[in-house]
Amino acid sequence: MNSTQSKFTRETDSENIWLSQNNQQEFNFTDYGVKPTVLGTEAEVGQAMLEELYKTAQSKEGDINIALLGGRGAQELHRLLGELAKTSQADDLLGRLNVFTQDALAPLGMANSFSFVRDFERILGEAFFKKIKSFTPMQTDTKDIESALIAYLNKLEELGGLDIFFIGHGPEENEASHLAYIKPFSGAQSHHIAGIIPISSSILEHHISKFKAGGSLVNESDEKECRAAKYILTLGPAAILQAKKIVQSVVDADSAPAKVKTYAKVLQTALSANKEEAAQQLNSNPGLWIRLHPNTKSFVLPNLGL
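Residues numbered from 1 in each chain as written. Predicted model: local features only at pLDDT ≥ 70, side-chain atom pairs only at ≥ 80, totals over all residues. Heavy atoms only, no water.

1. Quick notes on the packing of helix H7 (residues 201-213) against helix H8 (residues 220-227)
Axis separation between H7 and H8 bottoms out at 10 Å; the angle between their running directions is 150°. Taken together, the axes of H7 and H8 lie roughly antiparallel to each other. In the packing of H7 onto H8, the handedness of the crossing is right-handed. Of H8, the residues touching H7 (which contributes Leu204, Glu205, His207, Ile208 and Lys212) are Glu223, Cys226 and Arg227. (Axes fitted to C-alpha atoms, helices over the stretch in contact; angles between N-to-C directions. Helix = DSSP H or I, 4+ residues; strand = E, 2+ residues; numbered from the N terminus. Parallel < 35°, antiparallel > 145°, perpendicular 65-115°, else oblique. Left-handed = near helix turned anticlockwise from the far one by under 90°. Contact = heavy atoms within 4.5 Å.)

2. Some details on the sheet that holds strand E7 (residues 134-136)
By definition, the strands of a sheet pair up through backbone hydrogen bonds, in either a parallel or an antiparallel sense. Pairing is parallel across the open sheet formed by seven strands, whose spatial order is E3-E14-E13-E8-E4-E5-E7. The sheet is open, and its two edges are formed by strand E3 (36-38) and E7, each paired on a single side. Each strand of the sheet is rotated relative to its neighbour by a mean of 20°, with strand direction disregarded. As judged from the three bridges shared by strand E5 (residues 97-100) and E7, these two strands associate in the parallel manner. Within the sheet, the bridge partner assigned to Val99 lies in E7 and is Phe135. (Pairing = 2+ DSSP bridges.)

3. Quick look at the pairing of strand E6 (residues 103-106)
Where burial is concerned, the two faces of E6 agree: the one with Asp103 and Leu105 and the one with Ala104 and Ala106 are both buried. Pairing of E6 with strand E12 (residues 231-235), which is carried by four bridges, proceeds in the antiparallel orientation. Pairing of Ala104 across the sheet is with Leu233, part of E12. (Buried < 20%, exposed > 50% of the residue type's maximum accessible area, 1.4 Å probe, protein only.)

4. Here we look at helix H2 (residues 75-85)
Listed as buried for H2 are Gln75, Leu77, His78, Leu81, Gly82, Leu84 and Ala85. Residues of H2 that are buried make contact with helix H1 (42-59), helix H3 (91-94), helix H4 (116-124), helix H5 (126-131) and strand E8 (164-167).

5. A short note on the sheet that holds E6
Read across the open sheet, the five strands follow the order E1-E2-E11-E12-E6; overall the sheet is antiparallel. For this open sheet the edge positions go to strand E1 (8-13) and E6, each flanked by a neighbour on one side alone. Adjacent strand axes in the sheet meet at a mean angle of 20°, parallel and antiparallel pairs treated alike.

6. Comments concerning the packing of aromatic side chains
Applying the stated criterion across every chain yields a total of six aromatic pairs. Seen from their ring centres, Phe100 and Tyr152 are 5.6 Å apart, and the 90° between their planes marks the pair as edge-to-face. With Phe100 in strand E5 and Tyr152 in helix H6 (residues 145-158), the pair connects residues that are 52 residues apart, well separated along the chain. A residue is classified by how much of its surface remains accessible, and Tyr152, at 2% relative accessible area, is buried. With 5.0 Å between their ring centres and 70° between their planes, Phe129 and Phe135 make a pair best called edge-to-face. Linked through ring pairs, Phe114, Phe116, Phe120 and Phe211 together constitute an aromatic cluster. (Phe/Tyr/Trp six-rings, centres within 6.5 Å; stacked < 30°, edge-to-face > 60°.)

7. Digging into the packing of H2 against H4
Following both chains from N to C, one finds H2 and H4 inclined at 50°, their axes separated by 8 Å at the closest point. Relative to H4, the element H2 lies oblique. Of the residues in H4, those touching H2 at Gln75, His78, Arg79, Leu81 and Gly82 are Asp119, Phe120, Arg122, Ile123 and Leu124.

8. Considerations on the pattern of salt bridges
For the coordinates displayed, the defined rule picks out 21 salt bridges. Measuring nitrogen to oxygen at the nearest pair gives 2.7 Å for the salt bridge that ties Asp252 to Lys259. Pair check on accessibility: Asp252 and Lys259 agree, each one buried. One network of salt bridges, in which partners are shared, links Glu52, Lys55, Lys245 and Lys297. (Salt bridge = Lys/Arg side-chain N within 4 Å of Asp/Glu carboxyl O.)

9. Brief notes about the nonpolar core
In a soluble, globular protein the nonpolar side chains are often hidden away together inside. Ranked by size, the top nonpolar core spans 47 residues in total, and within it Leu149, Leu153, Leu162, Phe165, Ile193 and Leu235 carry the most contacts. Per-element tally for this core: the top contributor is H6, with six residues. The contact partners of Leu162, leaving out residues within four places of it in the chain, are Asn65, Ile66, Ala67, Phe100, Leu156, Leu235, Ala239, Gln242, Ala243 and Lys244. Listed in part, the 44 residues of the second largest apolar core include Ala74, Leu108, Phe128 and Cys226. (Core = buried A, V, L, I, M, F, W, Y, C linked by side-chain atoms within 4.5 Å.)

10. Re H1
Given a rise of 1.5 Å per residue, 18 residues ought to cover 26 Å, and the 26 Å separating the end C-alpha atoms of H1 matches this to within 8%. Of the positions making up H1, those classed as buried are Glu42, Val45, Gly46, Ala48, Met49, Leu50, Glu52, Leu53, Thr56 and Ala57. (Expected span 1.5 Å × (residues − 1).)

Right, dumping it as structure tokens:
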């Protein structure tokens, strides 16, 4: 299957491939800003993220579709969910969850210790994955990455899109930032639901150091395979903007001190009322996409210096 035969349109920007839904509606550019909630500890951030999941569960019936955040940002949330899964007290909630990943390195074996899937399994635990309704990772060990990504997007669309996009904030050069793995100058636009982006050595270094700092049990052969990855698969701006709620966490400014300035820039950079100028701002600093969502919670620690 290729994207021209499906519900998705394929666009390229330099070497970046972006997929759009053919029924995409025109997006209304409204800058809502970001109002961070500063909490005292990483554990408090994890609890606050869990409370947002509970609120969504109370406000709707049926399935709850979420995108998991990889790396350090949601580890405390995942520990809490893993502990709950070992009991029966949250079985009803867990049984309603359709869980998606939001980005991935490719090609990369699904068993590689540097894959987000392994990291999720390590912290969330076996009981969590047995109790949830479904788990849909981005396929990273296939020759046809694009078709696999389309299959993933079809499932996300069939289930009605994301109720919660758990998202982080990644530092980039020139005080820019990324969301999911939407990179600066990758050409991401508001109608792009997902993308395939060529990887850079700096991203690989960031990814590998992030996993090591987060406590992943890694080995030399896995690291070698990881360093040979050529692409990043990522959800795009449309997936962020269409999610019913964004829950951001930024907890690792101690180990990633560049986030102090890059997060401050997202807070302080108002988007232009001119659509073309705003598009340029967003392309150069994709962390700004979060300002365009009307229902965003951003939980941060005091180490951001706010």
